[in-house]
Amino acid sequence: MNISRIVGDLPASAFNITISFNEVSYIPTGSFQRFFKLENLNMGHNHLKLIDGLAFRNLHHLKSLNLSFNLISKLNSSVFHDLDNLTSLSLEKNSLTDLPESLFLSTPHLNTLNLRENHLNNFSVIAQSISALNYLTNLDLCFNNLTSLSNLNIVLPESLTSLYVCGNKLSVLACTGSFLMHITRLDLSHNFELSTNAFKGVNLTQIRYLRMRSTKVKILEFLNKTNVNAKYVDFSGLGLSNTSLIDNLCKFLSERVVNISRITLLNNSISESLNDALSNCPQILTTLDVSLNNLRTVQCLDFLKGQKHIKMLNVEHNHIGQLLSCNNTNKLPITKLNFRYNHMLKVEKYAFAHTPNVTTLNLNINIIAVLEHDALRGLTQLQTLRLDNNILTDLYEGTFQDLSSLRILNLRNNRIAVIFKRTFLQLVELTTLDLGWNKITHFEEGGLDGLKSLTHFYLNGNNIKKIEIGQFTVFQNTLQVLDLQNNKINFQPETTNSPFVNLSTLTSLNLDGQRPYGISLLPYGLFHGLYSLRLLYLSNNRIAHLASDVFDDLTALYFLTLDNSGNGVVKLRPGLFKNLRNLTTLSVVNMGIPNLSKDVFGNLTQLQILQINKNVMQSIDVDVLEALPSLIYLDITYIPLSCSCQNKRLQNWTLNQDNVQMIYLQSQPCQDRQNDLFIHFDTKVCYIDIEKYLFLTTAAVLFVFSVVPILYVKLYWKIKYGYYVFCAWFSEQWRKLREDEENCEYDAFISYNFYDEHWVLEQLLPNLEGNGSSFKLCLHHRDFEPGRNIVDNIVSAVYGSRKTVCVVSRNFLQSEWCSLEIQLASYRLLDEHRDILLLVFLEHIPESELSSYHRMRKVMLTKTFLQWPGSDCTDPAQAQLLFWTQLRRALRTGSRMEDEEEAGENQSSETEEGDQTASSVNYTAGIYNLP
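Notes on the structure in this doc start here. These numbers were taken from a predicted model, which means no experiment stands behind them.

A separate point is the overall build of the protein chain. For the protein chain, the count of helices and strands is 19 helices and 42 strands. Accessible surface computed for the protein chain: about 43700 Å², of which carbon and sulfur atoms make up 49%.

With that settled, the discussion passes to the nonpolar core. Generally speaking, nonpolar side chains in soluble globular proteins are found buried as a group. By size, the foremost hydrophobic cluster in this structure holds 102 residues, and its most contacted members are Phe 457, Phe 527, Phe 551, Leu 560 and Phe 577. Where this core is concerned, the elements lending two or more residues are helix H5 (598-601), helix H6 (622-626) and helix H7 (648-655). When residues in this core are grouped by element, the largest group, 3 residues, is from H6. Every residue in contact with Phe 577, bar those within four places of it in the chain, is listed here: Phe 551, Leu 560, Leu 572, Leu 586, Val 600, Phe 601, Asn 603 and Leu 604.

Moving on, we get to a nonpolar patch on the surface. On the surface, a cluster of nonpolar side chains totalling about 500 Å² of accessible area is made up of Val 701, Phe 703, Val 704, Phe 705 and Val 708. Mapped onto the elements, Phe 705 comes out in helix H8 (residues 690-714). Looking at Phe 705, the relative accessible area reads 64%, which means it is exposed.

On to the environment of Gly 529. If you trace the backbone, Gly 529 turns up in the loop between strand E29 (521-522) and strand E30 (535-537). Under the relative-accessibility criterion, Gly 529 is labelled buried at 8%. For the pair Gly 529 and Asp 553, spaced 24 residues apart in sequence, the C-alpha to C-alpha distance is 6.6 Å. In contact with Gly 529, not counting residues within four places along its chain, are Val 501, Leu 503, Ser 504 and Asp 553.

Because each turn of an α-helix spans 3.6 residues, side chains separated by three or four positions end up pointing in the same direction. Helix length check: helix H4 (residues 243-256), at 14 residues, gives a terminal C-alpha distance of 20 Å against a target of 20 Å (1.5 Å per residue), a fit within 8%. Among the residues of H4, those classed as buried are Thr 243, Ile 246, Asp 247, Leu 249, Cys 250, Phe 252 and Leu 253. Those residues of H4 that are buried are in contact with helix H3 (219-225).

The next thing to look at is the packing of aromatic side chains. Any aromatic ring pair is given by two values, namely how distant the centres are and how the planes are angled relative to each other. The full count for this structure, using the stated rule, is 20 aromatic pairs. With a centroid separation of 6.4 Å and 85° between ring planes, the pair formed by Phe 457 and Phe 472 is classed as edge-to-face. Highlighted residues: Phe 457 in strand E26 (residues 456-458) and Phe 472 in the loop between E26 and strand E27 (481-483), separated in sequence by 15 residues. By relative accessible area, which is 4% here, Phe 472 ends up buried. Between the aromatic rings of Phe 527 and Phe 551, the centroid separation amounts to 6.1 Å while the plane-to-plane angle is 20°, which identifies the pairing as stacked. Pair noted here: Phe 527 is in the loop between E29 and E30 and Phe 551 is in the loop between strand E31 (545-546) and strand E32 (559-561), with a separation of 24 residues, a long-range link. Phe 551 matches Phe 527 in its accessibility class, with the two residues each being buried. In textbook terms, an aromatic cluster arises when at least three aromatic residues are bridged by ring pairs, as seen for Phe 443, Phe 457, Phe 472 and Phe 475. Lying over the aromatic face of Tyr 209, Arg 185 brings its terminal NZ or CZ to 4.2 Å of the ring centre.

To continue, consider the pairing of strand E37 (residues 746-751). Of all 6 residues in E37, 6 are buried, a share of seventy percent or more. With helix H11 (residues 757-769) bridging E37 and the parallel strand E38 (residues 777-778), this β-α-β connection has right-handed handedness.

What follows deals with the state of the cysteines. Applying the stated criterion across every chain, the model contains 3 disulfides. Disulfide pairing is shown between Cys 250 and Cys 281; the S-S distance is 1.7 Å. Around the S-S axis, the bridge from Cys 250 to Cys 281 shows a dihedral of about -55° and counts as left-handed. One end of the pair, Cys 250, is in helix H4; the other, Cys 281, is in the loop between strand E13 (259-264) and strand E14 (283-289), and 31 residues separate them in sequence. Note on Cys 250: relative accessible area 2%, which makes it buried.

Next up on the list: the packing of H11 against helix H18 (residues 876-892). Remark: H11 packs on H18, axes separated minimally by 10 Å, with the N-to-C direction vectors making an angle of 65°. By the angle between their axes, H11 is roughly perpendicular relative to H18. Judged by the twist between their axes, the crossing of H11 over H18 is right-handed. Only Phe 883, Trp 884, Leu 887, Arg 888 and Leu 891 of H18 make contact with H11, whose side of the interface consists of Trp 759, Gln 763, Leu 764, Asn 767 and Leu 768. Of the residues assigned to the contact of H11 with H18, the class counts are 7 nonpolar, 2 polar and 1 charged.

Definitions and cut-offs
- Residues numbered from 1 in each chain as written.
- Predicted model: local features only at pLDDT ≥ 70, side-chain atom pairs only at ≥ 80, totals over all residues.
- Heavy atoms only, no water.
- Helix = DSSP H or I, 4+ residues; strand = E, 2+ residues; numbered from the N terminus.
- Areas by Shrake-Rupley, 256 points an atom, 1.4 Å probe, with all protein chains shown as cover.
- Core = buried A, V, L, I, M, F, W, Y, C linked by side-chain atoms within 4.5 Å.
- Buried < 20%, exposed > 50% of the residue type's maximum accessible area, 1.4 Å probe, protein only.
- Contact = heavy atoms within 4.5 Å.
- Patch = residues over 30% accessible without salt bridge, like charges linked within 9 Å, V, L, I, M, F, W, Y side chains within 5 Å.
- Salt bridge = Lys/Arg side-chain N within 4 Å of Asp/Glu carboxyl O.
- Expected span 1.5 Å × (residues − 1).
- Phe/Tyr/Trp six-rings, centres within 6.5 Å; stacked < 30°, edge-to-face > 60°.
- Lys NZ or Arg CZ within 6 Å of the ring centre and 35° of its normal.
- Right-handed = clockwise from strand over helix to strand, strands pointing away.
- Disulfide = S-S within 2.5 Å.
- Axes fitted to C-alpha atoms, helices over the stretch in contact; angles between N-to-C directions.
- Parallel < 35°, antiparallel > 145°, perpendicular 65-115°, else oblique.
- Left-handed = near helix turned anticlockwise from the far one by under 90°.
- Nonpolar A, V, L, I, M, F, W, Y, C, P; charged D, E, K, R; others polar.

Structural measurements only, silent on function.
Below you can see the structure in the form of structure tokens.
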């Protein structure tokens, strides 16, 4: 409906655009202005109602514009602006009632103007609008509402020679005598009220053809009252229905002219025998046409007596039922004779004895059932004989015995069943024999003898079942076209010799649509020897197997069609077309081909037209199309192409082709989404490995929903601790503390359970912060910031202290917050490699009770710990003194693992001193390592 959408993707270099049979109703300004080379624009058969001024702007090269069969009722005076080279304009079958005076000022070279079938009623307005068209030669105003040719002193262009005003309402011409002085061809037919008096005073001296069929004009009166040359008048449809009227006309013509080129008497309802009616006519030099009348007999062609120069006689479409046998000796040099569209029942012997020199004889479209042996005898000059569309059943040896000059014989659409021997024996010059659509089952031996010059042989639509080897021997060196379409031919697997092997000059072979089910097998070597074959038709068969070498001998082939010849899904074998390097057109429509392969199509370097529509492939490999360098036309309609990433290259290729025309691409639907178009499907997703991401996403979701419940049950606290660690890892304070640990606020953070608080306050604080010690400890009840999240306080305490001292007891192991504190400290110890964790056991805990606390057990395996001396020591006071000495020494060491080695040497001397003291009091409390 929209012009811009129709032409939007056409190349600007287009010179021929046809937009017929659409629903365009409006052409806006400048719709075609970018087509600077456009020569022909056809917009006929649309719904055009409105055309803007300057709609065809910039079309300076436009020569032909067709706007016929639309709904245009009014034209803007500037609508044809810029069309200065327009030569042909058709506005036929619209609703125009008027023409602007300046409508054609921009079309000075207009030659042909067609305004047929509109509603124009004022000839003066039309004459005014075309008066400046100095190159106008043809004006068609037929079937409008004109009542006269009144000119009101307006002169028609001198160039105008053909004026057609048939089918109007003319009763008078009402024009000056010189108005039609330049008109040579005038059609006034079907103006039913036009009479002889209408021509009074009109100058018709320049007329070379005048047609007045279906008017009230009386021909003899007209010829007497006007200055028209009678030999240029068409006498069809003027009521000359009997012999006397024709005889009077001939006598009148004889008085005016010596000879006449043509007499046309169509549609005069002549039913009587012409007898000698034409004997009084002047010599007819070329044609006598009495077709479309009611003649029933021609009485041995006696009405042709005296007409020795006729070259063509046309008596077709009458009711002639019989041609009499004529034996007189009058011979007329007739060269062409037509008796088409009659009802002849029988042709008698010597029916054309009066016309032995006829060269063209048309007896087609009659009801001739029997052709006597001698019916065509004596026609030695006959070159064309048409007997098609009759009811002939038999041909005999003598039927064509004298037709030695015959070149074209048409016997199509008869009822011939058998070709008997020697039927065509005398037809040595025959080049075309058409036996199509008969009932032929076979040829008798010798049935084709004599056809030594035959080049075109049509046998389509018969009942032939088998082609014998050597059957065409008589014309094997001349035959060029063999049509065997729509017979009953099939080939067997054991067929080894080609029936066409000797037809070395054959250029076209048609095996389409064999009945009843089509050819099912093309055996190896079927086309052997056909080195000159250029066209091969194999459509509408059911070929189940195509051998890869079946076309090997067809090196000259340039056209091949296999349309509708698949038997289900057909997989074309690699190398099938390997020798068809000259093939330019290949049609494999509706064969059930599932895919295109370079192994099949790779050698078709000259292929220009490829029709693969109506196949079952869901994708097309672009590499195959790119391997066809000469391709200019591709039809992929009705292929169920999927709108998937598999076709992303095809979409890009189709939308960026400047050299290949792809029909109906704009309406190609998606196979999987019928409401979507192939050219519109979004290919952006194709650049993401969506399958991979879908798999990974699905796998992750399944893993999470499978593992999380298990982890929740088994590792609830560990996961929770991990979450806290994760939060701590992202905290800004953590990053600052890692950058500069020397800025720690505390020497140690004491992690303990509420039930062990009395030991911390009574023993730990006095020995580490009092008694001359300089350690600054962080205790949660004293140093945590009030109102702050407890987790944030714990994180700040752990990362704000150089050491973390965990006071371990059974109560400590059961505390959630104590577990969090040791988790954070052990993370720094094991993952950050910082020596910040000290374990102080207040009581002896067996290894079996520690096994479930794997994080603490892991710390104890890699780090020493302190055991608070119990009451079982021999000297608790000395043991506790050693305990505090070792704890202070541990707090003084650096937090990094590498510092531990440096402290090792200093520690050894103190250890020796401590060991001596311990040994003097005989106790074993001190630093222990778990095995």
